[in-house]
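Secondary and tertiary structure notes
Here's the letter readout for the chains.
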Amino acid sequence: MMFLLGTMLSLPGFGQDQIVTYLNKHRHIVAEKDSAQYIRTLTPSKEPNAPYKLLEQYITGEVYRTGRALFFHDRITLVDLVTTFQKDGKRISEEHYKEGAPVGVCRYYYKNGKLKSEIIAPGRTGEGREDLKMDVPPAKLVAFYDSLGMQLVKDGDGYVRDVDDDKDVEEGSYKNGYKDGEWKGTFLKQKYRYTERYKEGDLLEGLSVDSAGTEVPYNKVQEQPVYPDGMPALYRFIGMNYRYPRQAYQQRVNGAVVLSFVVDKEGKLVDIKVVQDLGLGTGEEGIRVLRAAPRWKPGKLRGIPVRVSFTIPIHLNLQG
């Protein structure tokens, strides 16, 4: 199972006015329609600097998501109301966004169309239009229902037992809208069991156990992979080691080469692929540089190393 934390990027398509992107099942961009499960279309507004109209469709044509988004520096930032649908048209979620993070009242639904939960999301803390280093505090759970419509959490208080599509279970109590006391469950398709202890939504301690009884303590549910000295250091490494292919240099090729890759459980970069290529060897050179990059600190889910996907652009710019 891939634990996806990487930045989602959008790439210009061939239309003059719209931006078209192909996405795989993990919501990461892919170069070819044949390997996509979703198609994203961004249509610009007639008003200057206004958000784009967002339409995402299943590859078979049904509507998957609608809303609005800003588009800049190869990135989309969701804004305002965004609604997600199943193939049969039933809602999956209704979320309000600001600066790319859910904010305000958001609702989530079961496959049978019944309301599952209602939360109040605080949005990002701090200042700035889109600073990915700004914290996103946990959302406050207002209500939770089982799939038959029975309310299990009311006004933020109650006991939840939830099962996801992989048959993984989590259960525990909410108090004033936040996890409180002991929580337990399974993850990674029942490969691991876990026990966690919370106070007012803050994780105090957690313990994962595999099928052999091996215990792994942790104090964070999710940990992203970390490049040595951070992402700015990765871009410096790329800038210092990327060699402009001779023919691309002679033809003054400019633009963005976009690469996808996976940080595996040992921190190695694997499955490096060119998502957008400028040709003349520019994509191949990007692959070479990433293969030469130092090993990362791997990502973890409840203390267990997991594979994490990323997508990054390499901007090529020859002046004069």
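Quick caveat, the model's predicted, so the values are computed rather than measured.

1. Looking at the overall build of the chain
Helix and strand counts for the chain come out as three helices and 23 strands. A compact globule built from 320 residues would reach a C-alpha radius of gyration of about 20 Å, and the chain, at 22 Å, matches this within 12%. Summarising its shape, the C-alpha atoms of the chain cover approximately 65 × 50 × 40 Å along the three principal directions. Counting across all 320 residues of the chain, residues that qualify as buried make up 41%. For the chain, the proportion of contacts with a sequence separation of at least 24, taken over those separated by at least 6, is 40%. Carbon and sulfur atoms make up 48% of the accessible area of the chain, which totals about 18100 Å². Across the chain, the centroid of the 47 positively charged side chains sits 3 Å from that of the 43 negatively charged ones.

2. A short note on the pairing of strand E7 (residues 91-98)
Judged from the six bridges that link them, strand E6 (residues 75-85) and E7 form a sheet pairing that is antiparallel. Within the sheet, the bridge partner assigned to Leu 81 lies in E7 and is His 96. The turn linking E6 back onto E7 is made up of five residues, and Gly 89 within it adopts a positive phi angle of 95°. Note: E7 against strand E8 (residues 101-109), four bridges, orientation antiparallel. Among the inter-strand pairings, Glu 94 is bridged to a residue of E8, identified as Arg 107. The hairpin turn running from E7 into E8, its antiparallel successor, is two residues long, and Glu 99 in that turn takes a positive phi close to 55°.

3. Overview of the nonpolar core
Ile 238, Phe 261, Leu 290 and Trp 296 are the most contacted members of the largest nonpolar core, which totals 30 residues. Looking at this core, the elements that each hand over two or more residues are strand E15 (192-199), helix H1 (231-241), strand E19 (255-263), strand E20 (269-276), helix H3 (282-292), strand E22 (304-306) and strand E23 (308-316). Of all hydrophobic cores here, the second largest spans eleven residues; its members include Tyr 110, Leu 141, Val 160 and Tyr 198.

4. Points about the packing of H1 against H3
Working note: a packed helix pair is described by the angle between its axes plus the distance between those axes. Viewed as axis vectors pointing N to C, H1 and H3 meet at an angle of 125°, and their least axial separation amounts to 10 Å. Looking at the two axes, H1 sits oblique to H3. Seen along the crossing, H1 lies across H3 with a hand that is right-handed. Here Phe 237, Ile 238 and Asn 241 of H1 come into contact with H3, specifically with Glu 285, Arg 288, Val 289, Leu 290 and Ala 292. Of the residues assigned to the contact of H1 with H3, the class counts are five nonpolar, one polar and two charged.

5. Examining a positive patch on the surface
A contiguous patch of positive charge, built from Lys 25, Lys 189, Lys 191 and Lys 265, is present on the exposed surface. For Lys 265, the location among the structural elements is in the loop between E19 and E20. For Lys 265, a relative accessible area of 44% puts it in the partly exposed group.

6. Quick look at the sheet that holds E20
In space, the three strands of this open sheet follow the order E20-E19-E23, with antiparallel pairing throughout. In this open sheet, the two edge strands, each paired with only one partner strand, are E20 and E23. Strand-to-strand twist of the sheet, defined as the mean angle between neighbouring strand axes without regard to direction, takes the value 25°. Alignment of E19 against E23, held across nine bridges, turns out to be antiparallel. Across the sheet, the residue bridging to Val 263 is Val 308, located in E23. Most of the contacts of H3 go to E19, to which it runs at about 40°, and overall it touches E19, E20 and E23.

7. Describing the packing of aromatic side chains
Taken as a whole and assessed by the stated rule, the structure comprises 13 aromatic pairs. Aromatic side chains Tyr 52 and Phe 71 sit 5.9 Å apart centroid to centroid with 80° between the ring planes, which places their arrangement in the edge-to-face category. One end of the pair, Tyr 52, is in strand E4 (residues 52-58); the other, Phe 71, is in strand E5 (residues 63-72), and 19 residues separate them in sequence. With a centroid separation of 5.3 Å and an interplanar angle of 85°, the aromatic rings of Tyr 174 and Trp 183 are classed as edge-to-face. Looking at Tyr 174, the relative accessible area reads 16%, which means it is buried. By way of ring pairs, the aromatic residues Tyr 227, Phe 261, Trp 296 and Phe 310 are connected into one cluster. For the cation-ring pair, Lys 179 lies above Trp 183, with the distance from its terminal atom to the ring centre recorded as 4.5 Å. The ring of Tyr 194 carries the charged tip of Arg 302 above its face, separated from the ring centre by 3.7 Å.

Conventions we followed
- Residues numbered from 1 in each chain as written.
- Predicted model: local features only at pLDDT ≥ 70, side-chain atom pairs only at ≥ 80, totals over all residues.
- Heavy atoms only, no water.
- Helix = DSSP H or I, 4+ residues; strand = E, 2+ residues; numbered from the N terminus.
- Rg over C-alpha atoms; globule rule 2.2 N^0.38 Å.
- Buried < 20%, exposed > 50% of the residue type's maximum accessible area, 1.4 Å probe, protein only.
- Contact = heavy atoms within 4.5 Å.
- Areas by Shrake-Rupley, 256 points an atom, 1.4 Å probe, with all protein chains shown as cover.
- Lys, Arg positive; Asp, Glu negative; His and termini not counted.
- Charge placed at Lys NZ, Arg CZ, Asp CG, Glu CD.
- Pairing = 2+ DSSP bridges.
- Core = buried A, V, L, I, M, F, W, Y, C linked by side-chain atoms within 4.5 Å.
- Axes fitted to C-alpha atoms, helices over the stretch in contact; angles between N-to-C directions.
- Parallel < 35°, antiparallel > 145°, perpendicular 65-115°, else oblique.
- Left-handed = near helix turned anticlockwise from the far one by under 90°.
- Nonpolar A, V, L, I, M, F, W, Y, C, P; charged D, E, K, R; others polar.
- Patch = residues over 30% accessible without salt bridge, like charges linked within 9 Å, V, L, I, M, F, W, Y side chains within 5 Å.
- Salt bridge = Lys/Arg side-chain N within 4 Å of Asp/Glu carboxyl O.
- Phe/Tyr/Trp six-rings, centres within 6.5 Å; stacked < 30°, edge-to-face > 60°.
- Lys NZ or Arg CZ within 6 Å of the ring centre and 35° of its normal.

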